[in-house]
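Here's the letter readout for the chains.
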Amino acid sequence: MKSLIEVQKKLLPDLLQVMQKRYQILQYIRLMQPIGRRSLSTSLGLSERVLRSEVTFLKEQDLITTHTSGMTLTDEGASLLKNLEEMMKDVLGLTSLENTLKDKFNLSRVIVVSGNSDESPWVKKEMGRACVACIKERLIGKNIVAVTGGTTLAAVAEMMTPDSKNREILFVPARGGLGETVENQANTICAKMAERASENYRLLHVPDQLSKEAYQSIIEEPSIKELLAIMKSSSMVVHGIGDAKTMAERRKTPEEDFLKINQGNAVAEAFGYYFDQEGTIVHKVQTVGIQLDDIEEVPNVIAVAGGSSKAKAIKAYMKQALDSVLITDEGAANELIRDTY
């Protein structure tokens, strides 16, 4: 397949460009359906004239259908798109990026989706779709899946669907709330994933950041103690990776700790830990939930983060996250292999 693609690039470069454009149109319709033509044109940066011609072709091939509410994929379109995915990864150079990052960070697997979520918000949904597929691949008979918060994990929840093999899943939050927008909190994401997967969930009703005295008191509460034991026995953890300064601001971090984070040149945050460029912990927040040491005992750890602006944070965290799965986008992946920082 690879040699055929190389020949096509030499002899029929226009064919690959057209295929890539049509693939992207189908991919976007799958994520956003039903969607109107004008909205699709704006999102993909195509003129309405060009898009009209492509939509006509795709309809004639019975790959999409149009309704008053917008365009959707037909069953044939969805099947074709699924079959095209691996080949398009080679065409777009994503397979090469995945292999390079896997070797560079000693990870068990890397999945790279096309696009840059900093520039195109819909790419987060594509990362979410890839993450859901990865979760389902790794499910066992009975599963406890712990999830963190953030906009990327919210996209994962949005793309969640029931497991066709009917394996038992209990979703739990990996931490307390940040006091941020409710739809981005771990509790909300946990409940939404469970609802969309038609599974069960438990919630953790405590703040994310606590004083030492409050922390010691809360973790001794019987109901909290029981839930923490369930969380720490998770068979899978799905988490995001945050930019250190952004996360410190979202947490309304006290000035003394903010100074410590800045002086430590922290660039990444995950599970309440702040990391410098070498992956060294420079600060830790007293949080109720899964701790970094707990991650070592979890069979499946999936990190989801994208956008070229997140590359420094991803690189810093991944220096100590051996044997994890990383799901990212082209924007971050290209930055990660450049080694320009």
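Bear in mind that the values here come from a model prediction, so they are computed numbers and not experimental data.

### Examining the overall build of the chain
Inference 1: Within the chain, the secondary structure is distributed over 16 helices and 13 strands.
Inference 2: A compact globule built from 341 residues should have a C-alpha radius of gyration of about 20 Å, and the chain, at 21 Å, falls within 12% of that.
Inference 3: Here the contacts in the chain between residues at least 6 apart in sequence split such that 70% fall between residues at least 24 apart.
Inference 4: Measuring between centres, the 42 positive side-chain charges of the chain sit 4 Å from its 46 negative side-chain charges.

### Some details on the domain arrangement of the chain
Inference 1: The assigned domain composition of the chain is domain 1 (4-84) and domain 2 (93-337).
Inference 2: Taking only C-alpha atoms, the centre of domain 1 and the centre of domain 2 are 32 Å apart.
Inference 3: At the junction of the two partners, domain 1 supplies eight residues and domain 2 supplies six residues.
Inference 4: If you look at where domain 1 meets domain 2, you find one salt bridge.
Inference 5: Joining domain 1 to domain 2, the criterion identifies one residue pair in polar contact (both at pLDDT 80 or more).

### With respect to the side chain of serine 235
Inference 1: Following the sequence through the fold, serine 235 ends up in the loop between α11 (222-232) and β7 (236-239).
Inference 2: According to the relative accessible area criterion, serine 235 is buried, its value standing at 12%.
Inference 3: Excluding residues that lie within four positions of it along the chain, serine 235 makes contacts with Ile140, Lys142, Asn143, Ile144, Val298, Pro299 and Asn300.

### A closer look at the pattern of salt bridges
A side chain of one charge can pair with a side chain of the opposite charge when the charged atoms of the two come close.
Inference 1: Going through the model one piece at a time under the given rule, you end up with 17 salt bridges.
Inference 2: With a closest N to O distance of 2.4 Å, glutamate 98 and lysine 89 form a salt bridge. In terms of burial, glutamate 98 and lysine 89 fall into one category: buried.
Inference 3: Residues joined by salt bridges that share partners form a network here, namely Arg30, Glu85, Glu126 and Arg129.

### What about the sheet that holds strand β5 (residues 168-173)?
Inference 1: Here we have seven strands laid out as an open sheet, ordered β3-β13-β12-β7-β4-β5-β6, and parallel in their pairing. Only two strands of the sheet have a single neighbouring strand rather than two, namely β3 (109-113) and β6 (200-201).

### A look at the packing of helix α6 (residues 94-105) against helix α16 (residues 330-338)
Inference 1: One way to put it is that α6 packs onto α16 with a least axis distance of 10 Å and a crossing angle of 50°. What the angle tells us is that α6 and α16 run oblique. Seen from above, α6 lies across α16 with left-handed handedness. Seen from α6, the contacting residues are Leu94, Leu97, Thr100, Leu101, Lys104 and Phe105; seen from α16, they are Glu330, Ala333, Asn334, Leu336 and Ile337.
Inference 2: In the contact of α6 with α16, the residues fall into seven nonpolar, two polar and two charged.

### Brief notes about the nonpolar core
Inference 1: Ranked by size, the top nonpolar core spans 54 residues in total, and within it Leu40, Ile135, Phe171, Met193, Val238, Ile302 and Ile327 carry the most contacts.
Inference 2: Split by domain, this core shows at least three residues from each of two domains, domain 1 (4-84) and domain 2 (93-337).
Inference 3: If we skip the residues at most four places from it in the chain, isoleucine 135 touches Val156, Met160, Met236, Val238 and Ile302.

### Here we look at the packing of helix α15 (residues 311-318) against α16
Inference 1: Contact geometry of α15 with α16 gives a least axis separation of 9 Å together with a crossing angle of 65°. Considering how the two elements wind past one another, α15 and α16 form a crossing that is right-handed. Contacts from Ala311, Ile314 and Lys315 of α15 reach α16 at Ala332, Glu335 and Leu336.
Inference 2: When grouped by side-chain class, the residues that make up the contact of α15 with α16 number four nonpolar, no polar and two charged.

### What about the packing of aromatic side chains?
Inference 1: Under the criterion given, the structure shown has three aromatic pairs.
Inference 2: Seen from their ring centres, tyrosine 28 and tryptophan 122 are 5.2 Å apart, and the 85° between their planes marks the pair as edge-to-face. Here tyrosine 28, found in helix α2 (residues 13-32), pairs with tryptophan 122, found in helix α7 (residues 122-137); they are 94 residues apart in sequence, far enough to count as distant. You'll find tyrosine 28 and tryptophan 122 in the same group, each marked buried.
Inference 3: With 5.6 Å between their ring centres and 75° between their planes, phenylalanine 275 and tyrosine 317 make a pair best called edge-to-face. In this pair, phenylalanine 275 sits in strand β10 (residues 273-275) while tyrosine 317 sits in helix α15, placing the two residues 42 residues apart along the sequence.
Inference 4: We classify tyrosine 317 as buried; its relative accessible area is 2%.

Each value, and the rule that gives it
Residues numbered from 1 in each chain as written. Predicted model: local features only at pLDDT ≥ 70, side-chain atom pairs only at ≥ 80, totals over all residues. Heavy atoms only, no water. Helix = DSSP H or I, 4+ residues; strand = E, 2+ residues; numbered from the N terminus. Rg over C-alpha atoms; globule rule 2.2 N^0.38 Å. Contact = heavy atoms within 4.5 Å. Lys, Arg positive; Asp, Glu negative; His and termini not counted. Charge placed at Lys NZ, Arg CZ, Asp CG, Glu CD. Domains from an automatic or database assignment. Salt bridge = Lys/Arg side-chain N within 4 Å of Asp/Glu carboxyl O. Polar contact = N/O pair within 3.5 Å; in protein donor to acceptor, adjacent residues only side chain to side chain. Buried < 20%, exposed > 50% of the residue type's maximum accessible area, 1.4 Å probe, protein only. Pairing = 2+ DSSP bridges. Axes fitted to C-alpha atoms, helices over the stretch in contact; angles between N-to-C directions. Parallel < 35°, antiparallel > 145°, perpendicular 65-115°, else oblique. Left-handed = near helix turned anticlockwise from the far one by under 90°. Nonpolar A, V, L, I, M, F, W, Y, C, P; charged D, E, K, R; others polar. Core = buried A, V, L, I, M, F, W, Y, C linked by side-chain atoms within 4.5 Å. Phe/Tyr/Trp six-rings, centres within 6.5 Å; stacked < 30°, edge-to-face > 60°.

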